[in-house]
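Topology and contacts: notes
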Amino acid sequence: MDRLNRDQMAARVARDIADGAVVNLGIGLPTLVANHLPKDREILLHSENGVLGMGPAPAPGLEDHELINAGKQPVTLLRGGSFFHHADSFGMMRGGHLDICVLGAFQVSVRGDLANWHTGGPDAIPAVGGAMDLAIGAKQVFVMMEHHTKNGESKIVERCTYPLTGMECVNRIYTDLAVLDVTPAGLLVREMVAGLPFDELARLTGVPLLREPQRAYA
Amino acid sequence: MINKIVESVEAAVAGIHDGATVMIGGFGSAGQPAALIDALIAQGAKDLTIVNNNAGNGESGLAALLKARRVRKIICSFPRQTDSQVFDALYRAGEIELELVPQGNLAERIRAAGAGIGAFFTPTAYGTDLAKGKETRQIEGRWYVLEYPIHGDFALVKAARADRWGNLVYRKTARNFGPIMAAAAKCTAVQAEEVVELGELDPEAIVTPGIYVKRVVRVTREIRADSVKAA
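Bear in mind the structure is a predicted one, so any value in this text is a computation, not a measurement. (Residues numbered from 1 in each chain as written. Chains lettered and ligands numbered in written order. Predicted model: local features only at pLDDT ≥ 70, side-chain atom pairs only at ≥ 80, totals over all residues.)

As for the overall build of chain B
Quick note on the threshold: For helices the rule is a DSSP run of H or I covering at least 4 residues; for strands it is a run of E covering at least 2, with both sets numbered from the N terminus onward. Throughout, radius of gyration means the C-alpha value; the globule benchmark is 2.2 Å times the number of residues raised to the power 0.38. The exposure scheme places C-beta atoms from the backbone and then counts, for each residue, the other C-beta atoms within 10 Å of its own, assigning buried at 20 or more, exposed at 12 or fewer, and partly exposed in between. Residues are treated as contacting if the C-beta atoms built from their backbones sit within 7 Å of each other.
The helix and strand inventory of chain B stands at seven helices and eleven strands. Its C-alpha atoms give chain B a radius of gyration of 18 Å, near enough to 17 Å, the size a compact globule of 231 residues would have. Expressed along its principal axes, the backbone C-alpha trace of chain B runs to roughly 50 × 40 × 35 Å. Considering chain B as a whole, with its 231 residues, one finds that 52% of them fall into the buried category. Considering only contacts within chain B whose residues lie at least 6 apart along the sequence, 76% involve residues at least 24 apart.

Here you go:
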């Protein structure tokens with residue numbers, strides 16, 4: 001079995017983003033999706049600090065520190081892009097105007113609960129940013145994460161042990177092993193990496209999984 | 001005649017009292033009114049409650065205000081960053097109070113204050129630790145959390161261009177919290193890179209109408225602390 005690397009995961013997520021979609025990519029791993037968006041599709045990237053139609057990073061030397069993304073990195077604006085204030089920006093999310101947001105996660109539960117903002121550790125300083133607004137706002141919430149923690153524990157869990165970002169908000173999970181949909185009946189495996197039997201994925205995940213006729217994960 | 005232009009940053013921050021709630025625009029350093037913050041540090045007001053998205057970056061601007069021990073409480077969404085060492089140390093020492101608010105709730109609570117809304121129900125944070133103890137209600141099958149406005153005694157905002165009536169336009173993502181903070185405070189002071197004659201700002205494109213602004217001071221781009229640092 002070959003686990004996907006981060007760029008392969010990003011490319012896999014990007015494939016599911018349709019022409020014309022308005023998308024917010026969370027900080028961290030999801031940011032990589034921008035590098036893999038199909039060139040033949042027009043996709044509008046939203047940034048919560050007030051940008052619609054965000055473009056790629058500028059060439060070195062052309063950075064503008066008043067044109068940044070949510071991760072505070074310099075970006076560019078596409079022709080036709082727009083700026084707006086924070087209340088409008090989050091109104092776009094909360095109001096259901098974003099088609100997709102892609103978020104990283106510490107844990108996702110079988111019901112689609114998301115934990116991605118705080119470890120809850122006694123020494124950790126909490127910071128939430130826009131994660132909770134994105135989780136409940138976008139029409140579809142995609143989570144993109146490694147299947148396991150560095151210690152080998154499954155990040156797909158019966159019940160999140162980390163503090164929640166949102167309840168029953170995740171629609172689809174992309175990991176380095178599989179694509180899973182959160183359905184009322186449970187987690188439905190859509191795709192798996194080559195060479196990974198369903199039973200082995202179920203064992204590695206540690207929660208009940210549903211299967212459908214298999215497709216290769218490529 | 002209406003003339004909101006003041007001649008110095010000192011005049012722009014005059015009257016900020018101990019214990020005041022001060023809204024400070026900016027998302028990281030983009031839109032942060034660094035010259036007004038420096039003037040506030042020099043002015044000396046203490047026991048402040050600060051409203052900002054972050055809790056200071058590096059050692060300048062908001063971080064310097066924190067370091068000078070002028071801030072009793074900060075209301076923000078994202079305090080912890082790679083360069084938030086000043087806040088981190090104060091927080092770990094128990095020397096600053098933190099009210100952590102999801103970014104969209106922060107924005108809407110500020111907007112609500114400026115728009116005269118008494119409170120509002122929002123789906124954000126329902127079922128999470130950040131909604132603990134708050135009133136909830138199910139509306140048409142969905143759960144919401146009751147959130148209250150955040151009013152400012154003062155707002156410090158950075159704009160690209162302003163006129164003597166206080167009309168403002170911003171630059172790119174430096175706009176962020178500026179327009180809603182300007183409306184949410186009793187006294188809004190603006191540092192503008194350029195001050196223009198009445199009529200020069202396209203009325204169709206004015207972002208903050210002057211009604212929300214009390215004071216404007218011109219701070220040219222060249223002497224901004226953050227642009228010097230960024231260069």
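Overview of the overall build of chain A
Across its full length, chain A holds four helices and 14 strands. In terms of overall dimensions, chain A has a C-alpha envelope of 50 × 45 × 30 Å along the principal axes. The buried share of chain A, taken over its 218 residues, is 45%. In chain A, the share of contacts with a sequence separation of at least 24, taken over all contacts with a separation of at least 6, comes to 63%.

A few points about the nonpolar core
Proteins that are soluble and globular tend to have nonpolar side chains buried together. Condition: Each nonpolar core reported here comprises buried Ala, Val, Leu, Ile, Met, Phe, Trp, Tyr and Cys residues connected via C-beta atoms within 7 Å.
Counting 136 residues, the largest nonpolar core has Leu103, Leu114 and Val143 of chain A together with Leu36, Ile110, Met181 and Ala184 of chain B as the members making the most contacts within it. Residues within four places of methionine 181 of chain B in sequence aside, it is in contact with Met23, Gly25, Ile110, Gly152, Ala155 and Val157 of chain B.

A short note on the sheet that holds strand 9 (residues 156-157) of chain A
The following threshold applies: Pairing between strands requires that DSSP locate at least two bridges from one strand to the other.
Taken together, the three strands give an open sheet; going across it, the order is 7-6-9 (chain A), and neighbouring strands pair in mixed fashion. Two strands close off the open sheet at either side, each with one partner strand: strand 7 (114-115) and strand 9 of chain A.

Considerations on the interface of chain A and chain B
Size of an interface, as often reported, equals the accessible area lost when the parts are brought together. This is how the line gets drawn: In the scheme used here, Gly and all other residues not listed as nonpolar or charged are polar, with Ala, Val, Leu, Ile, Met, Phe, Trp, Tyr, Cys and Pro taken as nonpolar and Asp, Glu, Lys and Arg as charged.
Taken residue by residue, the interface counts 30 residues in chain A and 37 residues in chain B. Mapped onto the side of chain A that touches chain B, the elements with two or more residues apiece are helix 2 (86-94) and helix 3 (131-137) of chain A. Here the element with the most residues in the side of chain A that touches chain B is helix 2 of chain A; it accounts for five residues. Partitioned by chemical class, the residues of the side of chain A that touches chain B number 16 nonpolar, eight polar and six charged.

Considering unusual backbone geometry
All names here are of chain B. Even without being glycine, aspartate 47 reaches a positive phi, approximately 55 degrees. Within the fold, aspartate 47 resides in the loop between helix 2 (34-43) and strand 2 (48-51). For aspartate 47, a count of 13 C-beta atoms within 10 Å puts it in the partly exposed group. A positive phi angle is found at alanine 125, which is not glycine, with a value near 80 degrees. Looking at where alanine 125 falls in the secondary structure, it is placed in the loop between strand 5 (120-122) and strand 6 (136-139).

Re the sheet that holds strand 6 of chain B
Residue and element names in this part refer to chain B. Filter applied, for reference: Axis definition: a line fit to C-alpha positions, over the contact stretch in the case of helices; interaxial angles, taken between N-to-C directions, run 0 to 180 degrees.
Strand order in this open sheet of three strands is 5-7-6, and the pairing throughout is antiparallel. The outermost strands of the open sheet, each flanked by one partner alone, are strand 5 and strand 6. Adjacent strand axes in the sheet meet at a mean angle of 40 degrees, parallel and antiparallel pairs treated alike. In terms of strand pairing, strand 5 meets strand 7 (residues 142-147) through three bridges, oriented antiparallel. Residue pairing across strands places phenylalanine 120 opposite glutamate 147, the latter belonging to strand 7.

Topic: the packing of helix 2 of chain A against helix 5 (residues 103-115) of chain B
What counts is decided by this rule: Note that the term roughly parallel is reserved for angles under 35 degrees, roughly antiparallel for angles over 145, roughly perpendicular for angles of 65 to 115, and oblique for everything else. Put simply, a crossing is left-handed when the front helix is turned counterclockwise from the back one by less than a right angle, and right-handed when it is turned clockwise.
Relative orientation of the contacting elements helix 2 of chain A and helix 5 of chain B amounts to 125 degrees, with a least axis distance of 9 Å. Between helix 2 of chain A and helix 5 of chain B, the crossing angle belongs to the class labelled oblique. The handedness of the crossing between helix 2 of chain A and helix 5 of chain B is left-handed. Judged by residue contacts, His86, Ala87, Phe90, Met93 and Arg94 of chain A of helix 2 of chain A engage Gln103, Gly104, Ala107, Glu108 and Arg111 of chain B from helix 5 of chain B. Partitioned by chemical class, the residues of the contact of helix 2 of chain A with helix 5 of chain B number four nonpolar, three polar and three charged.

As for the environment of isoleucine 110 of chain B
Residue and element names in this part refer to chain B. Mapped onto the fold, isoleucine 110 is located in helix 5. Judged by local crowding, isoleucine 110 falls into the buried class, with 30 C-beta atoms found within 10 Å. Through-space distance from the C-alpha of isoleucine 110 to that of alanine 174 is 17 Å; in sequence the pair is 64 residues apart. Excluding residues that lie within four positions of it along the chain, isoleucine 110 makes contacts with Met23, Ile150, Phe177, Ile180, Met181 and Ala184.

Observations regarding the environment of glycine 26 of chain A
Residue and element names in this part refer to chain A. Here glycine 26 shows up in the loop between strand 1 (22-25) and strand 2 (44-47). Look at glycine 26 and you get buried, because 26 C-beta atoms sit within 10 Å. Distance in space between the C-alpha atoms of glycine 26 and valine 102 is 5.8 Å, their sequence separation being 76 residues. In contact with glycine 26, other than residues within four places in its own chain, are Cys101, Val102, Leu103, Gly104 and Leu134.

Describing the pairing of strand 7 of chain B
For a regular strand, side-chain orientation follows a simple rule: the groups alternate between the two sheet faces. Residue and element names in this part refer to chain B. Alignment of strand 6 against strand 7, held across four bridges, turns out to be antiparallel. Note on strand 7: the bridge partner recorded for arginine 137 is tyrosine 144. Hairpin geometry of strand 6 and strand 7 is characterised by an intervening segment of two residues between the two adjacent antiparallel strands and by a positive phi of about 50 degrees at glutamate 140.

Let's talk about the environment of leucine 187 of chain A
All names here are of chain A. Topologically, leucine 187 is positioned in strand 12 (residues 186-193). Assessed through the 23 C-beta atoms surrounding it within 10 Å, leucine 187 is described here as buried. Along the primary structure leucine 187 and glycine 206 are separated by 19 residues, whereas in three dimensions their C-alpha atoms are 12 Å apart.

Thoughts on the pairing of strand 10 (residues 185-195) of chain B
Residue and element names in this part refer to chain B. Bridge count between strand 8 (residues 152-162) and strand 10: nine bridges; the pairing is parallel. Paired with glycine 152 across the two strands is alanine 185, which belongs to strand 10. Direction of pairing for strand 10 relative to strand 11 (residues 215-218): parallel, over a ladder of four bridges. Residue pairing across strands places alanine 189 opposite arginine 215, the latter belonging to strand 11.

Everything listed here is a matter of coordinates, which is why it stays silent on function.
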